[in-house]
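So you can see what is in the structure, the chains are spelled out below.
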Amino acid sequence: MRDTFPLLVKTDFPALTRGRLEVLQANLGYRCNQACLHCHVAASPRRTEEMSWDTMALLLEVARRHRVRTLDLTGGAPEMNPNFRRLVAEARAMGLNVIDRCNLTILGEPGYEWLADFLAAQRVDVVASLPCYLEDNVDAQRGDGVFRQSIDGLRTLNALGYGQPGSGLVLNLVYNPLGPSLPPEQHGLEQAYKRELAARYGIVFNQLFALANMPIQRFGSQLISRGQFDGYMALLKGAHRPENLVGVMCRALVSVSWQGQVHDCDFNQMLGLPLGARSQATHLPDLLGNDMEDGTIRVGEHCYGCTAGQGSSCGGALEH
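S.K.: Quick rundown of the overall build of the protein? Include the residues and the values.
M.R.: Each helix and strand counted, the protein has 11 helices and 11 strands in total. Here the protein has a C-alpha radius of gyration of 19 Å; the compact-globule value for 320 residues is 20 Å, and the two agree. The dimensions of the protein, computed from C-alpha atoms along their principal axes, are 50 × 45 × 40 Å. The 320 residues of the protein split such that 57% are buried. Contacts spanning at least 24 positions in sequence make up 74% of the contacts within the protein whose residues lie at least 6 apart. When the accessible area of the protein is evaluated, it comes to approximately 13,200 Å², of which 49% is carbon and sulfur surface. Mean positive and mean negative side-chain charge positions of the protein (29 and 33 charges, respectively) differ by 2 Å.

Below, the structure written as structure tokens:
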């Protein structure tokens, strides 16, 4: 895989500082039942890295000390961590809002028959990847049969109340472009998703998040191999909008690796960039006595992916 790190470190991206810490985003491991072309984590069924319970316990203590509102769980497939259920149950008992970034196909994997019922019982918000409402496009990006498995997963969640009006069970979908382009306007795309998924499959959901692909890991390597890296970076920088800076996710979030290292965002984590202006890695215990506010945020060329066009973050477009 081609390394994009040397192409991203030197940057003219505007300086950023953190506000109040509201979200802990934790990568529970790189193991996944899929190996998607756009994956900025390079997750796959062959990866073995996973967060230990001791690190999860520290994560919960940091959340308590900082009065964090949301625990955002990612992977790989976060549900494949053997301590997933324990972590979610303890976080919910603390009053934390928990988000599960689910690839949908995991719901149908042998051994995970418990997952959908567990998520509903714990009232976990589900953010589910579905890069298109057309079967051929999804399978081209994520593998043959993935679209049908994803539809089955969405029907399972709908049957439990997810996405249904008045249920309080939140089901949001995520769109990524198939190649080196910016996502279309989020509201219009959301309406198209809702119309097509309802008409074709009877599926309902709450919101659609439109995210730009980041030029790191698999997607970045693919851009380099195809001679598209420079053009994509020019697209992102040319579409930069300063007004999106106020809403970027890193201003209220830190990202925690499976080893307990803390980074300014999930993308910085994948690039191995230390938190803020520090030259060495920060670990969860370092946050126990740190208020985190007004800290410098480490930026790079990839940050233009969050401010280009309508803006992009873990919660979708920044411009509404």
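Continuing now.
S.K.: Outline the packing of helix α2 (residues 53–66) against helix α3 (residues 84–93), listing residues and values.
M.R.: Interhelical geometry of α2 versus α3 gives an angle of 15 degrees and a closest axis separation of 11 Å. As the angle between them shows, α2 and α3 are arranged roughly parallel. Viewed along their axes, α2 and α3 form a crossing whose handedness is right-handed. In contact with Trp53, Met56 and Leu60 of α2, α3 contributes Arg86, Leu87, Glu90 and Ala91. Residue composition of the contact of α2 with α3, by class: 5 nonpolar, no polar and 2 charged.

S.K.: Describe the nonpolar core, with residues and values.
M.R.: Counting residues in each nonpolar core, the largest one holds 68 residues, and the members touching the most others are Leu24, Leu173, Tyr193 and Leu197. When residues in this core are grouped by element, the largest group, 6 residues, is from α2. Apart from residues lying up to four places away in sequence, Leu24 is in contact with Leu59, Val62, Ala63, Val68, Thr70, Leu71, Asp72, Val254 and Val256. Counting 31 residues, the second-largest nonpolar core is a separate cluster that includes Ala212, Tyr232, Ala239 and Cys250.

S.K.: Give me the lowdown on the pairing of strand β7 (residues 207–210), citing residues and values where you can.
M.R.: Consecutive residues of a regular strand have side chains that alternate between opposite faces of the sheet. The pairing of strand β6 (residues 171–175) with β7 spans 4 bridges and is parallel. Pairing of Val174 across the sheet is with Phe209, part of β7. Crossover β6 to β7 through helix α7 (residues 186–201) is right-handed.

S.K.: Explain the pattern of salt bridges to me, and be specific about the residues and the numbers.
M.R.: Evaluated as defined, the whole model comprises 14 salt bridges. Notably, a salt bridge pairs Glu190 with Lys194, separated by 3.8 Å at the nearest N-O pair. Within this pair, Glu190 and its partner Lys194 are both found in helix α7, separated by 4 residues, close to a single helical turn. Taking relative accessible area as the criterion, Lys194 reaches 28% and is therefore assigned partly exposed.

S.K.: Requested: an account of the packing of α3 against helix α4 (residues 115–122), with residues and values cited.
M.R.: Relative to each other, α3 and α4 sit at 10 degrees, their axes nearing to 10 Å. Overall, the two elements α3 and α4 adopt an arrangement that is roughly parallel. Of the residues in α4, those in contact with Phe84, Arg85, Val88, Ala89 and Arg92 of α3 are Leu115, Phe118, Leu119 and Gln122. Of the residues assigned to the contact of α3 with α4, the class counts are 6 nonpolar, 1 polar and 2 charged.

S.K.: I'd like to hear about α2, residue by residue, with values.
M.R.: Relative to the 20 Å expected for 14 residues at 1.5 Å per residue, α2 spans 20 Å between its end C-alpha atoms, a close match to the ideal helical length. By the burial criterion, the buried members of α2 are Trp53, Thr55, Met56, Leu59, Leu60, Val62, Ala63 and His66. Tucked inside the fold, the buried residues of α2 contact β2 (23–27), β3 (70–74), α3 and β8 (253–256). After α2 finishes, the residue Arg67 shows a positive phi value of roughly 55 degrees.

S.K.: Tell me about the packing of aromatic side chains, and please be specific about residues and values.
M.R.: As enumerated under the stated definition, the model contains 8 aromatic pairs in all. When the centroid spacing of 5.9 Å and the interplanar angle of 75 degrees are considered together, the rings of Trp114 and Phe118 count as edge-to-face. With respect to class, Trp114 is no different from Phe118; both count as buried. Between the aromatic rings of Phe147 and Tyr201, the centroid separation amounts to 5.7 Å while the plane-to-plane angle is 65 degrees, which identifies the pairing as edge-to-face. Here the residue Phe147 occupies a position in helix α6 (residues 146–159), and Tyr201 occupies one in helix α7, the gap between them amounting to 54 residues. Just as Phe147 is buried, Tyr201 falls in that class too. Grouping aromatic residues by their ring pairs yields a cluster made of Phe84, Tyr112, Trp114 and Phe118. In this arrangement the basic side chain of Lys194 is found over the ring face of Phe205, its NZ or CZ atom lying 5.5 Å from the centre.

What counts, and at which threshold
- Residues numbered from 1 in each chain as written.
- Predicted model: local features only at pLDDT ≥ 70, side-chain atom pairs only at ≥ 80, totals over all residues.
- Heavy atoms only, no water.
- Helix = DSSP H or I, 4+ residues; strand = E, 2+ residues; numbered from the N terminus.
- Rg over C-alpha atoms; globule rule 2.2 N^0.38 Å.
- Buried < 20%, exposed > 50% of the residue type's maximum accessible area, 1.4 Å probe, protein only.
- Contact = heavy atoms within 4.5 Å.
- Areas by Shrake-Rupley, 256 points an atom, 1.4 Å probe, with all protein chains shown as cover.
- Lys, Arg positive; Asp, Glu negative; His and termini not counted.
- Charge placed at Lys NZ, Arg CZ, Asp CG, Glu CD.
- Axes fitted to C-alpha atoms, helices over the stretch in contact; angles between N-to-C directions.
- Parallel < 35°, antiparallel > 145°, perpendicular 65-115°, else oblique.
- Left-handed = near helix turned anticlockwise from the far one by under 90°.
- Nonpolar A, V, L, I, M, F, W, Y, C, P; charged D, E, K, R; others polar.
- Core = buried A, V, L, I, M, F, W, Y, C linked by side-chain atoms within 4.5 Å.
- Pairing = 2+ DSSP bridges.
- Right-handed = clockwise from strand over helix to strand, strands pointing away.
- Salt bridge = Lys/Arg side-chain N within 4 Å of Asp/Glu carboxyl O.
- Expected span 1.5 Å × (residues − 1).
- Phe/Tyr/Trp six-rings, centres within 6.5 Å; stacked < 30°, edge-to-face > 60°.
- Lys NZ or Arg CZ within 6 Å of the ring centre and 35° of its normal.

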